[in-house]
Amino acid sequence: MKRLLLAMRGGRARRSALACLSLIAVCSQSIAATGVDESAIYGLPPVIDDQLAPAAHYSAYLYDDGADADEGDLELTMEDRMKAIEGKYDDLSEDYDALSGKYDELKSKMKNAAFAGHSDATMKVNGRIHADIWGFPGTSPGVNAFESGSPDISPQDRFGFRRLRFGVKGDIWQNMLYKIEMEFAGGNKSEFRDAYLGWKDLPIFREVLLGNQKRPYGLDHLNSSRFNVFMERPFIIEGNNQDSRRFGLCSYGYSEDEAWNWRFGTFNQELTQATGNYVSDHWQMEFAARMANTWWYDESSGGRGYGHWAVSGAYANPGGGAPGQAPNQAEFQTRPEARSSSRWLDTGTIVGARDYELLGLENVWNFGPLQITGEYQNVWLQRQGNTDLNFYGAYVYVAYFLTGEHMPWDRESGTLDRIYPFENFFLVDTCRDGVRGGWGAWQVAYRWSYADYTDQDIMGGVGESHTVGLNWYWNAYSRMQFNCGYGDIDEHAPVAGFSSGHYTYLGTRFMVDF
């Protein structure tokens, strides 16, 4: 088609076409003079009431807007028809030029595009950048010791990448999927995060993933770091599920009305994101599950009002630790809800740990710009030849959008979704009206957090903190966070003679995702 159009654009081809059509006209008049019906001649139109009717294969092309032919149209001369054809040809030539330009533009853009390895797979690139600045303007000798081992050396300020992730995900064939996400914030110590393959649209199990994925407990961990209100997660959520992801096999599903969603599976307890493998005859397996219910969702307002509750649980068999086996994974530790070098709450490896059970409760209320969220978790741990242990904690936060937005809710997963400002942040210098812009979305928040990791002879510490947050959403894919907090740690195993301390911290994050 392209070659034909190019040929038609030449003057020689146009003169040849005109000559051929003139010859056809002469032949048609000669046949008409003999009285023979032209309909008997192959390829010529019939005669209607002594008038030569337009040929069906080109008459519709000559009539504008598909209108029916009238008597005036039937009297078109060959010269009129030729002019009409030339006009249509010019239009077609212009359309060709436009399409050719768009084709060349698309071809140029596709040179830099990434494609899946074969035609039965799709691929989507994604990533996030979180750049942080942290400082500890006020700490006590005890906290200094928890961080550095010395009461005279305070926690140091730091800035750099909290997250620097890049990955791909997509579908394979008809009902398989995959995801690979790498973390480069550690410099030359890169690790993977989500790394799995899976099957979807299955009977009963719905979607099943095999690989490194989040264990199904702790709403603040199941929420993406792209959407969470605060920069760091609460004591009890991080302490009971450090870094959250483990290698396992997990099923995900939700009801047709999206009121219920669930996930359950079995996981290895060791964090293998840096090593890639677990090596031991004792598998240290864990079964974990979560059942969530969005019991209220205001459809009429687009989900500005909703209510959520969930219960989660886990049964784990850490064991291990024997000669030749992997280390015992019965350990609970967390940072002070800020970035530090050491975990200030830490039970250490609990010797003789046989099994433990975890129970988690979640509740979310959202009324337009206001959200109230809380969680509680409890761990019961059994030891061989020693008394049982109990660790627990909770948090509650209140968040409010000063600019009126709300925090969307994903009912299929029972987690927070992406926030869309009413007006994006921008500044432009206009010609006459000076600087114009939009302010984005502004959110303020407060969180109380508590965790108790001290029981019997295990003195992991008791932590309590208060955090005030400010979020400035520039658009749906970028924002700035600011956190200011105060915390206390008591009943900690003595470090350099100190078992308690207090601290304040400041944190700022600039973040984008794509």
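Chains are numbered independently. Their residues run from 1 in the order of the written sequence. For a predicted model such as this one, the threshold for reporting local features is a pLDDT of at least 70, and the threshold for listing and counting side-chain atom pairs is 80 or more; totals across whole chains, interfaces and linings nevertheless cover every residue. Working from all heavy atoms in the structure, the side-chain values ignore hydrogens and water.

Attention now moves to unusual backbone geometry. Positive phi, normally seen in glycine, also occurs at W173, with a value near 55°. With respect to the element layout, W173 can be found in the loop between β4 (158-172) and β5 (176-183). Located in the positive-phi region is R206, a residue other than glycine, with phi close to 60°. Think of it this way: any DSSP run of H or I at least four residues long counts as a helix, any run of E at least two long counts as a strand, and we number them from the N terminus. Looking at the element boundaries, R206 is found in strand β7 (residues 206-214).

Together, D90, D91, E94 and D95 make up a negatively charged patch on the protein surface. You can see D95 is positioned in helix α5 (residues 78-110). Patches draw on residues past 30% relative accessible area with no salt bridge. Two like charges within 9 Å are joined, as are two nonpolar side chains (Val, Leu, Ile, Met, Phe, Trp, Tyr) within 5 Å. Each accessible area is a Shrake-Rupley result for a 1.4 Å probe, and residues are judged covered by the shown protein chains and nothing else. By definition, a salt bridge exists where a carboxyl oxygen of Asp or Glu is found within 4 Å of a side-chain nitrogen of Lys or Arg. The positive count covers Lys and Arg only, the negative count covers Asp and Glu only, and His and the chain ends enter neither. Lysine's charge is taken at NZ, arginine's at CZ, aspartate's at CG and glutamate's at CD.

What follows concerns the pairing of strand β22 (residues 458-475). A pair of strands is labelled paired if DSSP reports no fewer than 2 bridges between them. Two strands pair when backbone bridges link them, and strand β21 (residues 441-455) and β22 are joined in this way by 14 bridges, in the antiparallel orientation. If you follow Y446 over to β22, its bridge partner there is V468. The antiparallel hairpin formed by β21 and β22 contains two residues in its connecting segment, where Q456 sits at a positive phi of about 55°. Across 14 bridges, β22 lies against strand β23 (residues 478-492) in antiparallel orientation.

Bringing the packing of aromatic side chains into the picture now. Centres within 6.5 Å make a pair out of two Phe, Tyr or Trp rings, where for Trp the six-membered ring is used; the pair is then stacked when the planes are under 30 degrees apart, edge-to-face when over 60, and tilted otherwise. Under the counting rule described, the total for this entry stands at 26 aromatic pairs. With a centroid separation of 6.2 Å and 15° between ring planes, the pair formed by F332 and Y453 is classed as stacked. Here the residue F332 occupies a position in the loop between β11 (305-316) and β12 (333-334), and Y453 occupies one in strand β21, the gap between them amounting to 121 residues. When its relative accessible area of 2% is taken as the criterion, F332 is described as buried. Ring centres of W344 and Y503 lie 5.1 Å apart, and the angle between their planes is 85°; this geometry places the pair in the edge-to-face category. Of this pair, W344 sits in the loop between β12 and β13 (345-346) while Y503 sits in strand β24 (residues 501-513), and the two are 159 residues apart along the sequence. With a 1.4 Å probe rolled over the protein chains alone, any residue whose accessible area is under 20% of its type maximum counts as buried; one over 50% counts as exposed, and the rest are partly exposed. Since its relative accessible area comes to 0%, W344 is described here as buried.

What follows concerns the pairing of strand β8 (residues 245-254). Of all ten residues in β8, seven are buried; the element is thus mostly enclosed. Sheet analysis places β8 next to strand β9 (residues 260-268), joined by seven bridges and oriented antiparallel. Note on β9: the bridge partner recorded for C250 is G265. Taking the residues that link successive antiparallel strands as the turn, the β8-β9 hairpin has five residues, and the phi of E258 there is positive, at about 65°.

Here we come to the nonpolar core. One finds F332, I350, L381 and F391 to be the most contacted residues of the largest nonpolar core, which totals 54 residues. With six residues, strand β16 (residues 389-401) is the largest single contributor of residues to this core. Setting aside anything within four residues of it in sequence, one finds L381 in contact with A330, F332, I350, A353, D355, Y356, D388 and L389. To qualify as a nonpolar core, a set must consist of buried Ala, Val, Leu, Ile, Met, Phe, Trp, Tyr and Cys residues joined through side-chain atoms within 4.5 Å. Contact between two residues is taken to exist if any of their heavy atoms lie within 4.5 Å; hydrogens are not considered.

Our next topic: the side chain of N471. In this fold, N471 is placed in strand β22. Of the polar contacts made by the side chain of N471, one reaches the backbone oxygen of V229; its length is 3.0 Å. Within 3.5 Å is the distance limit for a polar contact, defined as a pair of N or O atoms, with the added protein rule that one can donate a hydrogen and the other accept it, and that residues adjacent in sequence qualify only through two side-chain atoms. At 3.3 Å, the side chain of N471 forms a polar contact with the side chain of Q481.

Moving on, we get to the confidence of the model for the chain. Per-residue confidence from the predictor is given as pLDDT, running between 0 and 100. Per-residue confidence for the chain gives a mean pLDDT of 88, with 85% of residues at or over 70. Per-residue pLDDT stays below 50 along residues 1-23; that stretch engages in 19 contacts with residues further than four places along the chain or on separate chains. Below pLDDT 50 for its whole length, residues 52-67 participates in 25 contacts with residues either more than four positions away or in separate chains.

Here R479 is to be found in strand β23. Residue R479 is classed as buried on the basis of its relative accessible area, which comes to 2%. Sequence-wise, R479 and M511 are 32 residues apart; in three dimensions their C-alpha atoms are separated by 5.6 Å. Excluding residues within four positions of it along the chain, R479 makes contact with S225, R226, F227, N228, V229, N471, W472, Y473, W474, R509, F510 and M511. A polar atom in the side chain of R479 sits 2.7 Å from the backbone oxygen of N228.

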